[in-house]
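Here is how the chains run, residue by residue.
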Amino acid sequence: MDSGEREAGRAANTAGHVWGTLTQVGTVNGDVRVDVGGGPARGAAQTLLTLPSVEAGFTGREVELERVLAVLDPEARGVPGVVVSQGMGGIGKTQLALAAGHEALRRGWFAGALFVDLHGYTTPVDGDRAVESFLHGLDVPARRWPDDPEARRGLYRSALEERSLELGGPILVVADNASEAAQVVPLVPGRARHRLLTTSRDRFASHGWRRVSVDHLPQDRAVRLLAEALRVGDPDDPRVADQALARVARACAGLPLALRVCAALLGAAPDMTVVELARTLEEGRARPSRLRDGSRSPHTVFEQSRARLAPEVAELLALLGLAPGPDVSTEAVAVLAGTTVSEVVGRLRCLAAAHLVTGEAGRWRMHDLVADYAASLSAGEGAPARYARARTRLFDHYTARADHARLHLVALPGRAAPATFADRVSATEWLDAERAVLIDTVHEAHRLGQTRTAAELPVYLNTYLKRRRDFTDLVSVHSIAIDAASGTGDAVREGIAWNNLGAVVREQRRFGEAVDAHERARVLFVERGDVHGEAVSCGGLGAALIEERRFAEAMVVLRRALAMLTRVDDAHRAAIAWNNLGVALREEGRYAEAIEAHEHALRDFHRLGDAHRQARVWVNLGAVAREERRFDGALEAYARARDVFGELGDTREAVSAQAGVGTCLREVGRTEEALALLEEAAEFFAEEGDPHSEGWVRHELGLAWVGAGEPAGAVPQLERAVGLLGESADPHRGELAAGDLARARAALPSGEGPAGVPGS
């Protein structure tokens, strides 16, 4: 598929918010895969390119630390590349892993480290999503990511190796809190000298990984940890030597998390004696526990800690149990509490002093056992109604903010956007910080039956997640939106969600599913008499039909969209439809009409100030001129598009347009220049992990070698093109490349092969 054909899919309307009403009518053929997830919500990944700090006062794990270090050593023989630190929740696995990681870095074993919390027992992070987050952190542009998960894992391993070469040594990857091996497998580094250290409450026995068990602290070490934690808070605290610390340690069952909470409780209450705390713990009735070994629940400790808090701080702990996602911003906590940021910060600091939350850079998180306890305070049928109102208030906050951020991303020059954000950059920064929370909010809203949030929030995340190429998350949230809207009979939101899902699967080159999705949306809008909604659906449907090479049908649908968009005065979507109509006309050989359609789109985009889409039209005009063998005009159009894309900072589209220049140079016999440009483009798309773009460019590169009278140079390029185009589901261009490959092979002199030919 050449630049113009590729443009058709990208120019298609992404079906943002549609206003109006709708219902379904008629029948829908085909099938679209919609998976709203029958299991727990899948969390979004947040990763670090360094290790978090070890909590002050870490002690009592000297034996376990040496065991972990012994298998982390890159020079150790016969040691697998993955080490699993395993033990029950709250046992101290994370702190042990961080201590081992920092010590390994101090010893110079590793040149760098990566960290991810997989949240295996709350909102589990899929391993492939963690891979995507690491790719972002390693500065691998999203446009380079292949759609295939296995290929994306390979790109992650390559990026890890590049970082290793850059830093001058192996890399340590720490994956905290995994609940199943499947979360960890995608993160395994490719080279034996790298190490992956993961923590889990479960035993991973089927992968040949080295396991290091972490158990309750013996009594003497538990007392030492408790005393050290007290000493960190106040070196002169006389209770550090109190013999009753042994009773507290026994009451905590040697669980480091509970021991630290007790130390924080004592530190916050200088008047409390150790005996008083011990007696309270020994007499308290433990709540039901999620811990699996039958030991006393740390909930008793949390209860006592909460009892020492001021009422408004204790209430905030219960409210935090309502917050979705791995962490929460100060601003969102203020919304939950129905108060100001300045007021809520003091309460959060009180919770941090009690070791119930940790905070950094305006974001707050809880250990999952604390989060489980906090959630229990506001759960159940008897929970006060104020908690339901607080959750709704938070969901509304996230939905409104996401909408305002989206409006900044899509605003054309000169158009006002909400003052919530200063500009597009600040809107994007907010979305980056809240991405995992927002995705989890969609899942949580769906679980709780909050259909408005479940149906609306995916709409507002659509543009941002598409730019990140977060297709897995997009399919998931749009599927949830469909299910939520359908379940309540909200045909408007259901139609919007089908259109958005169609646009996403079209980006994944799942064109048949895209056709079905847009058709489902269209019939919903038709029944409701929603002209604008039907027009948007027809625009997306027409673009998908073009990709299916059903050009006559596409033209009918796009002309219908144009008529309706003109009626409702949606000039921007009408311009998109004109551009796509031009592509269909060109494919049918109706070049004059194609030029007229593209020029109509060009005028409208110029009037609207959309320079990026103007450049896309120039690409398509170049494709028409090339088909008409007006190569000077084609060269001018492609070059103009290349320059505009370059000015806008869209390197990928600039390289694609430059490849268009190369195809024209091939046609006019400027073979050496064509070979240079096309080779550069092919290497770029190979680096980007874009098999389809690399495939069509290598096809053109092979034709350039044929034009140079060098079939031996053409064969390897055409062989690669055939494979890539098959991999990316483009049978039409794949058949053309296969035919050209057969002719190039036939033109080889007897006994001559492609090996060693320059440019192969």
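Residues numbered from 1 in each chain as written. Predicted model: local features only at pLDDT ≥ 70, side-chain atom pairs only at ≥ 80, totals over all residues. Heavy atoms only, no water.

Draft legend 1. Layout of the overall build of the protein chain. When its secondary structure is counted, the protein chain shows 32 helices and 9 strands. Pairs at least 24 residues apart make up 71% of the contacts formed inside the protein chain by residues separated by at least 6 positions. Put simply, the protein chain shows about 30,000 Å² of open surface, and 49% of that area lies on carbon and sulfur atoms. (Helix = DSSP H or I, 4+ residues; strand = E, 2+ residues; numbered from the N terminus. Contact = heavy atoms within 4.5 Å. Areas by Shrake-Rupley, 256 points an atom, 1.4 Å probe, with all protein chains shown as cover.)

Draft legend 2. The sheet that holds strand β7 (residues 328–329), seen in detail. Pairing is antiparallel in the open sheet, where 3 strands are placed in the order β7-β9-β8. Strand pairing shows two members of the sheet lacking a second neighbour, β7 and β8 (358–360), which therefore form its edges. (Pairing = 2+ DSSP bridges.)

Draft legend 3. Spatial organisation of the pattern of salt bridges. Applying the stated criterion across every chain yields a total of 53 salt bridges. Taking the shortest distance from any N to any O, the salt bridge between R260 and E55 comes out at 3.0 Å. Remark: E55 occurs in the loop between β1 (47–48) and α2 (62–72) and R260 occurs in helix α9 (residues 256–268); sequence separation between them is 205 residues. Measuring nitrogen to oxygen at the nearest pair gives 3.8 Å for the salt bridge that ties R157 to E150. Three or more residues joined by partner-sharing salt bridges are found here, namely R626, R629, R666, E667, E700 and R733. (Salt bridge = Lys/Arg side-chain N within 4 Å of Asp/Glu carboxyl O.)

Draft legend 4. Representation of the packing of helix α24 (residues 571–587) against helix α26 (residues 611–627). Packing of α24 against α26 leaves a shortest axis separation of 10 Å and a crossing angle of 15°. Between α24 and α26, the interaxial angle falls into the category roughly parallel. Crossing angle aside, the handedness with which α24 passes α26 is left-handed. Contact residues: α24 offers H572, I576, N579, V583 and R586, while α26 offers R613, R616, V617, N620, A623, V624 and E627. Taken together, the residues of the contact of α24 with α26 sort by class into 5 nonpolar, 3 polar and 4 charged. (Axes fitted to C-alpha atoms, helices over the stretch in contact; angles between N-to-C directions. Parallel < 35°, antiparallel > 145°, perpendicular 65-115°, else oblique. Left-handed = near helix turned anticlockwise from the far one by under 90°. Nonpolar A, V, L, I, M, F, W, Y, C, P; charged D, E, K, R; others polar.)

Draft legend 5. The arrangement of the packing of α26 against helix α27 (residues 631–648) in detail. At a minimum axis distance of 8 Å, the contact between α26 and α27 shows a crossing angle of 160°. Relative to α27, α26 is oriented roughly antiparallel. The handedness of the crossing between α26 and α27 is left-handed. Facing α26, whose interface residues are A611, H612, A615, R616, W618, V619, L621, G622, A623, A625 and R626, α27 presents F631, G633, A634, A637, Y638, R640, A641, V644, F645 and L648. Class assignment of the residues belonging to the contact of α26 with α27 gives a composition of 15 nonpolar, 3 polar and 3 charged.

Draft legend 6. Looking closely at the side chain of N499. As for its placement among the helices and strands, N499 is situated in helix α20 (residues 491–507). Within the structure, the side chain of N499 is placed 3.0 Å from the side chain of H518, a separation counted as a polar contact. (Polar contact = N/O pair within 3.5 Å; in protein donor to acceptor, adjacent residues only side chain to side chain.)

Draft legend 7. Spotlight on the sheet that holds strand β4 (residues 171–178). Pairing is mixed in the open sheet, where 6 strands are placed in the order β1-β3-β4-β5-β2-β6. Edge positions in the open sheet fall to β1 and β6 (210–213), since each of these has one partner strand only. When β4 meets strand β5 (residues 195–200), the two strands line up parallel, connected through 5 bridges. The partner of V173 across the bridge, within β5, is L196. Running over the sheet, helix α3 (residues 93–106) touches β2 (82–86), β3 (112–117), β4 and β5 and is turned about 165° from β5.

Draft legend 8. Up close: the environment of A455. Relative to the assigned elements, A455 resides in helix α18 (residues 451–468). On a C-alpha basis, the gap between A455 and I482 in space is 7.1 Å, while along the polypeptide they are 27 residues apart.

Draft legend 9. Broad picture of helix α4 (residues 127–137). Along α4, 9 of the 11 residues are buried, which leaves the element largely enclosed by surrounding structure. Taking the backbone nitrogen of D128 as reference, a side-chain oxygen 2.9 Å away marks D126 as the first, capping residue of α4. (Buried < 20%, exposed > 50% of the residue type's maximum accessible area, 1.4 Å probe, protein only.)

Draft legend 10. Quick look at the packing of aromatic side chains. Counted according to the given criterion, the structure contains 3 aromatic pairs. Taken together, a centroid distance of 6.0 Å and an interplanar angle of 15° make the contact between F134 and Y156 stacked. Placement of F134 in helix α4 and of Y156 in helix α5 (residues 149–167) is noted, with a sequence separation of 22 residues between them. F134 sits in the buried class, given a relative accessible area of 0%. Note that R386 overlies the ring of Y387, its terminal NZ or CZ placed 4.7 Å from the centroid. (Phe/Tyr/Trp six-rings, centres within 6.5 Å; stacked < 30°, edge-to-face > 60°. Lys NZ or Arg CZ within 6 Å of the ring centre and 35° of its normal.)

Draft legend 11. Layout of the state of the cysteines. Enumeration over the complete set of coordinates arrives at 0 disulfides. In this model C252 remains outside any disulfide bridge; the closest cysteine sulfur is found in C262, 3.5 Å from its own. The exposure class of C252 is buried, given its relative accessible area of 3%. (Disulfide = S-S within 2.5 Å.)

Draft legend 12. Representation of helix α21 (residues 511–528) in the model. Taking 1.5 Å per residue, 18 residues should reach 26 Å; α21 reaches 26 Å between its end C-alpha atoms and fits that length. Of all 18 residues that make up α21, 13 are buried, and the element is covered over most of its length. Following α21 by one or two positions, G529 adopts a phi angle in the positive range, close to 70°. (Expected span 1.5 Å × (residues − 1).)

Draft legend 13. Representation of the confidence of the model for the protein chain in the model. Taken residue by residue, the protein chain gives an average pLDDT of 87. The fraction at 70 or more is 89%. Below pLDDT 50 for its whole length, residues 1–41 participates in 142 contacts with residues either more than four positions away or in separate chains. In this model, residues 755–760 is a region of pLDDT below 50 whose contacts with residues beyond four sequence positions or in other chains number 9 contacts. (pLDDT = per-residue confidence, 0-100.)

Draft legend 14. Spotlight on the pairing of β5. Where burial is concerned, most of β5 is hidden: 6 out of the 6 residues are buried. Alternating residues of β5 divide into R195, L197 and T199 and L196, T198 and S200, and every residue in both groups is buried. The sheet contact formed by β2 and β5 spans 5 bridges and is parallel. The residue bridging V83 from the neighbouring strand is L197, located in β5.

Draft legend 15. The arrangement of unusual backbone geometry in detail. Phi is positive for H119, close to 45°, though the residue is something other than glycine. Tracing the sequence through the fold places H119 in the loop between β3 and α4. Judged by its relative accessible area of 11%, H119 is buried.

Draft legend 16. Seen up close, a negative patch on the surface. Taken together, E162, E680, E683 and E687 make up a surface patch of like negative charges. The element that contributes the greatest number of residues to the negative patch is helix α29 (residues 671–688), accounting for 3 residues. Residue position: E687 is located in helix α29. (Patch = residues over 30% accessible without salt bridge, like charges linked within 9 Å, V, L, I, M, F, W, Y side chains within 5 Å. Lys, Arg positive; Asp, Glu negative; His and termini not counted. Charge placed at Lys NZ, Arg CZ, Asp CG, Glu CD.)

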